Structure formats: C-alpha cells, structure tokens
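Each chain is listed here by its residues.
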Amino acid sequence: MKKYLSFVPAVLLIVGLAGCGEQGNTPAPDNSSTPIRTQATLPADASFTSQEYEKLLELRFDGYEEMTVAEFRGKVGASTDTKEYTDLFEQLSKDTALQELKDTDEDAEFLFYILPLAGDDWKTRSYSGEVTSSYTGDKARLEYSFTLTILNPDVLLVKDYNDTRLGVMSVMQDTLRNKTKDELRDETAIRADVQFQIDHLLQDTNQTAELSAAIEFAYFPLPAAGEKQQVSGANEQGDQESRRGGYGTKEDYQSLLALKTPDYTSMSVADFNAKLLAWADEDFSRMERVDADMLCNDFQVSLSEEDLAFIRLTVYLSGTENGEFVQSSYTNEVEADTVYQQSLPQKLERDGEQPVWCDLYYQFSYHIADKEKVTIGERDRLVGGMVRDIQRFWDETTLDELLTMTEDDAISKLTSLAAEHSSDDITITINAERVHFEHTEERREM
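As the structure is a computational prediction, the values presented were derived from the model and not from experiment. (Residues numbered from 1 in each chain as written. Predicted model: local features only at pLDDT ≥ 70, side-chain atom pairs only at ≥ 80, totals over all residues. Heavy atoms only, no water.)

Peer 1: Can you walk me through the overall build of the chain in this structure?
Peer 2: In terms of regular secondary structure, the chain is built from 15 helices and eight strands. By residue count, 46% of the 446 residues in the chain fall in the buried class. Taking the intrachain contacts of the chain between residues at least 6 apart in sequence as the baseline, contacts between residues at least 24 apart amount to 74%. For the chain, the exposed surface amounts to about 22,200 Å²; the carbon and sulfur share of it is 47%. (Helix = DSSP H or I, 4+ residues; strand = E, 2+ residues; numbered from the N terminus. Buried < 20%, exposed > 50% of the residue type's maximum accessible area, 1.4 Å probe, protein only. Contact = heavy atoms within 4.5 Å. Areas by Shrake-Rupley, 256 points an atom, 1.4 Å probe, with all protein chains shown as cover.)

Peer 1: Please explain the packing of aromatic side chains as it appears in this structure.
Peer 2: Here a ring pair, both rings aromatic, is described through the centre-centre distance and the interplanar angle of the planes. Applying the stated rule across the entire model yields 15 aromatic pairs. Centre to centre, the rings of Y144 and F146 are 6.4 Å apart; their planes meet at 15°, and the pair counts as stacked. When sorted by exposure, Y144 lands in the same class as F146, which is buried. Arranged with centres 5.1 Å apart and planes meeting at 85°, the rings of Y264 and F310 form a pair that is edge-to-face. Within this pair, whereas Y264 is found in the loop between helix 9 (250–257) and helix 10 (269–282), its partner F310 is found in helix 12 (residues 305–331), the two being separated by 46 residues in sequence. Each member of the pair, Y264 together with F310, is buried. (Phe/Tyr/Trp six-rings, centres within 6.5 Å; stacked < 30°, edge-to-face > 60°.)

Peer 1: Looking at this structure, I do not really get a negative patch on the surface. What am I missing?
Peer 2: A cluster of like negative charges, contributed by E407, D408, D409 and E438, occupies part of the molecular surface. The element contributing the most residues to the negative patch is helix 15 (residues 407–420), with three residues. Of note, E407 is situated in helix 15. (Patch = residues over 30% accessible without salt bridge, like charges linked within 9 Å, V, L, I, M, F, W, Y side chains within 5 Å. Salt bridge = Lys/Arg side-chain N within 4 Å of Asp/Glu carboxyl O. Lys, Arg positive; Asp, Glu negative; His and termini not counted. Charge placed at Lys NZ, Arg CZ, Asp CG, Glu CD.)

Peer 1: Please explain helix 6 (residues 158–173) as it appears in this structure.
Peer 2: Turn by turn, an α-helix covers 3.6 residues, leaving residues three or four places apart pointing in a common direction. Here helix 6 is 16 residues long and its end C-alpha atoms lie 23 Å apart, about the 22 Å a rise of 1.5 Å per residue gives. Looking at helix 6, one finds that the buried residues are V158, Y161, N162, T164, R165, V168, M169, M172 and Q173. (Expected span 1.5 Å × (residues − 1).)

Peer 1: Just to check I follow, could you spell out unusual backbone geometry for this structure?
Peer 2: For residues other than glycine, phi is negative in most cases, and the peptide bonds are mostly trans. The backbone of N178 shows a phi angle near 65°, a positive value even though the residue is not glycine. Residue position: N178 is located in the loop between helix 6 and helix 7 (181–185). A residue is classified by how much of its surface remains accessible, and N178, at 74% relative accessible area, is exposed.

Peer 1: What is the right way to look at helix 15 in this model?
Peer 2: For helix 15, built from 14 residues, the straight-helix expectation of 20 Å at 1.5 Å per residue is met to within 8% by its first-to-last C-alpha distance of 20 Å. Those residues of helix 15 lying buried are A410, I411, L414, L417 and A418. Viewed end-on, helix 15 has its buried residues packed into an arc of 125°, placing them on one side of the element. Exposed positions of helix 15 whose direction lies more than 90 degrees from the buried face are D408, A419 and E420. (Arc of directions from axis to C-beta.)

Peer 1: Got a minute to help me understand the environment of A369 in this structure?
Peer 2: Looking at the secondary structure, you find A369 in the loop between strand 6 (354–368) and helix 13 (376–396). Along the sequence, A369 and D425 sit 56 residues apart, while their C-alpha atoms lie 5.2 Å from each other. A369 has contacts with D424 and D425, leaving out every residue within four places of it along the chain.

Peer 1: Got a minute to help me understand the sheet that holds strand 3 (residues 211–220) in this structure?
Peer 2: The strands that make up a sheet pair up through hydrogen bonds in the backbone, lying either parallel or antiparallel. Read from one edge of the open sheet, three strands run 1-2-3, paired in antiparallel fashion. The strands lining the two open edges of the sheet, one partner per strand, are strand 1 (124–132) and strand 3. Averaged over all neighbouring strand pairs, the angle between strand axes comes to 15°, with direction disregarded. Note: strand 2 (residues 141–150) against strand 3, 10 bridges, orientation antiparallel. Bridge pairing links R141 to F220 in strand 3. (Pairing = 2+ DSSP bridges. Axes fitted to C-alpha atoms, helices over the stretch in contact; angles between N-to-C directions.)

Peer 1: Is there a simple way to explain the pattern of salt bridges in this structure?
Peer 2: It is possible for side chains bearing opposite charge to pair when their charged atoms get close. Enumeration over the complete set of coordinates arrives at 20 salt bridges. For E130, the salt bridge identified is with R141, shortest N-O distance 3.4 Å. Residue E130 is located in strand 1, and its partner R141 is located in strand 2; the two are separated by 11 residues in the primary sequence. Taking the relative accessible area as the measure of exposure, R141 reaches 12% and is therefore buried. Where D252 meets R289, a salt bridge forms, and the shortest distance between an N and an O atom there is 2.8 Å. Here R289 lies in helix 11 (residues 284–296) and D252 lies in helix 9, a separation of 37 residues in the sequence. Through salt bridges that share partners, R60, E106 and D107 make up one connected network.

Okay, structure coming up:
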C-alpha cells in the first residue's frame, strides 16, 4: 500500500493541524513516562456530579477494547439515545478540567480519546503535540500532528486504534531523548532521523486495510549561544507563532501563479483542481513551503493583492477539495463535502478594569453538484462571498450589539448568509454544532 504521508498531495490540505496555530486538536503528553492512572475523584472544578460522571463511564463496557469500532459505535448509540446523554455529551465537550487529565487519567482518556469514536466525527480524527529537549534554558522543539483515518470499522478493533494513537505519540516523544546539544543543533540530521522513524511507523501502520495514518512535523533546533529561537512573523491576529516549514521562494510562487491563466475563472472546478493536484504532486516540498506561508500569513516574496486573493481563496478551496478527492480515492467512499472554518479576531474592550469581549468560530460545508460543470468563478463568487459577508457582519456589528446576541442568534445569522450564497449548483450548509459564539455576559454598570 502506498504510504499515506506521500499520498496527500493537495496544497493547503490539512485544516486544523499544528502549524502557525492549532484548531482544537489534542496535545500529546510531555516527555515524562508517567503511566495513565485512574482518577479517584472528579477534579474540583469539574462540571459533572459524581452520578453524571458514572453515567458517562457506564459506556466503558466490559471488553470494549476487543470490540470492532462498528460494534462499539452500535452499542454506545443504543445506550445513549436519550436527552440525558445528549446533555452530558455537551457538558463533556466544555469540561476543561477533565480534558486536562486525558493524558494521565484512565477515565479521562476513555472519555476524550475512545468515546469520540462513537460520535459524528469518528472516521478521521487529528491529534497533535510538542516535544522539547530536556536541557535547561533554550530548548529544541519538535511539533507534530497526525491524522488517523478508519478505513474498515467492521474489522478494526478499538484497542488497535488506540494502540496506534499511543504508538505514534510514543515514537514522536522519543525522538529528542538522549540527544546531545550538538545533535539538537543539527536540523538536517534530526529531520532525517524523524522522517526515518515516521516512514518506518507508517509502513507498519498502513499495510492494513483497516486504518491509515498521516503525520506532519516541524523541528526547531537548539539555537547556538546568543542566537534566538526561530519564530514566524505575526499572523492575522497579531500573534507570534511557530512556522511549520521554510519560506516559499520566488520560483515556488511563479510556478503556482502560472495556474492563474487569463481564463482560469471559466475553467470547470474539476479541470482546475486537476491542474493544482498535478502542481502539488510535482514537488511536495514546494507545496509545504507555500502552505506554511499561508498558515502563518508570513511571506518573503512580494505578491500583489490579486495574487494573494487567488492563493487565499481559489488555491485554498481547490486544495481542500483535492484533499477530499484523494481521501475518497483512498477509502473508496463517497467524496465528503468540503469544509471551511475560521476563528474571527476577538472583539475586546476594557470596561474599567474588566475586559469585555466576544469570540466567534464558525464552520460550514459546501456541496458542488457537478464539478465538471460548475466553474471556478462561480464557486469563488459564492463561497468567497460567504466568507466575505461573515467577516463583514463581524466587522460592522458593534460589541454592544454582539453582547445582546446568543449563540442561536449567531447560528441564525450564518444560516441566513448560507442561504443567500447558495445556488442550484452549490449548496452551503452551516454546521451548527461547530459554531462557537461566546462573550462576557454584559457590560459592567458604570
């Protein structure tokens, strides 16, 4: 079987993995080898009662590890078809105290790593973590992300899935162990060593037709005395974040922008996506560099606003669509609708000594009825218009107005925009469960 790591050619494909920012992924444990233990009591600030906690743990059925994923899903589904469990699952997703125990506590591990296999987003799940060297002072750092995709839930055992997850984390956690300072400064050698470990791991994992794995990593070497640790420029929110890869070169962008022909907007989505896929396949390293620039909003090549718009919208959407196409080809399943997600910059004001703020994260999917007929221009107009109008709503709505809204109000607004930007050929759908709208309760009385 072809290794999945080299089988993912689409530019800007992996959404939500560690790069210049992380979107809700699960961090790995630190370098310690503390065994997972059972938590005797709930953490002090947990949102559950003991009875509710036990109700959740009733889903850890005897022998669940030896069940197939399909059997586990079926048994959990049959046991949780009640409003009580629906409410408990919603509480669980917000319980940060328990989440912080998921890598050291057996119960929390089950709730946050195993139980989600019975949820909606079960086929493909992403995890990420960071390893640092043990020397005092400046540290070498390895950031990694991996995605596990279940190919055959009727055969794959829950135990085998979890063993693979833990195995990847274990291999990555060991990469910097026992390395000297000189070795940690040799970026080329460390990257080669990590890549060797990944190739060996993926060869073993991807030989079955039950589960596939994809792994990405970035290494930030131990700086020499007096040097500063490598960081990227500021992203759109102004935060300093770590880059996952090198910078795109002038030649990288020249080759990519060659796809922006005078008639590209008239091309079918299928034809343009095929050209982008061929570009990505031609040089994977080139694709990674452009991907890193985009994730960090950090370029060392001068680009016009028109070129940036082409890369940020047209290339991004087509790259993500290609990711679903490749995944579908790999699993022989129906191609999933493309998902777009974004965290908007927090609105924040100082009200005396107390901050007043509002956050919005959203996710929507879009379905193209026929990629052979729909043009790139039509897709960019509708999907790009959706993104633009959400940003406009956020920019033009005052913080005072946002403080009067509920999450349901925000979902209703996004759903209305989705209807405005849908057509017979392209349908945009808001994923209400993936909209997070939060703010302080009210302004303080002056």
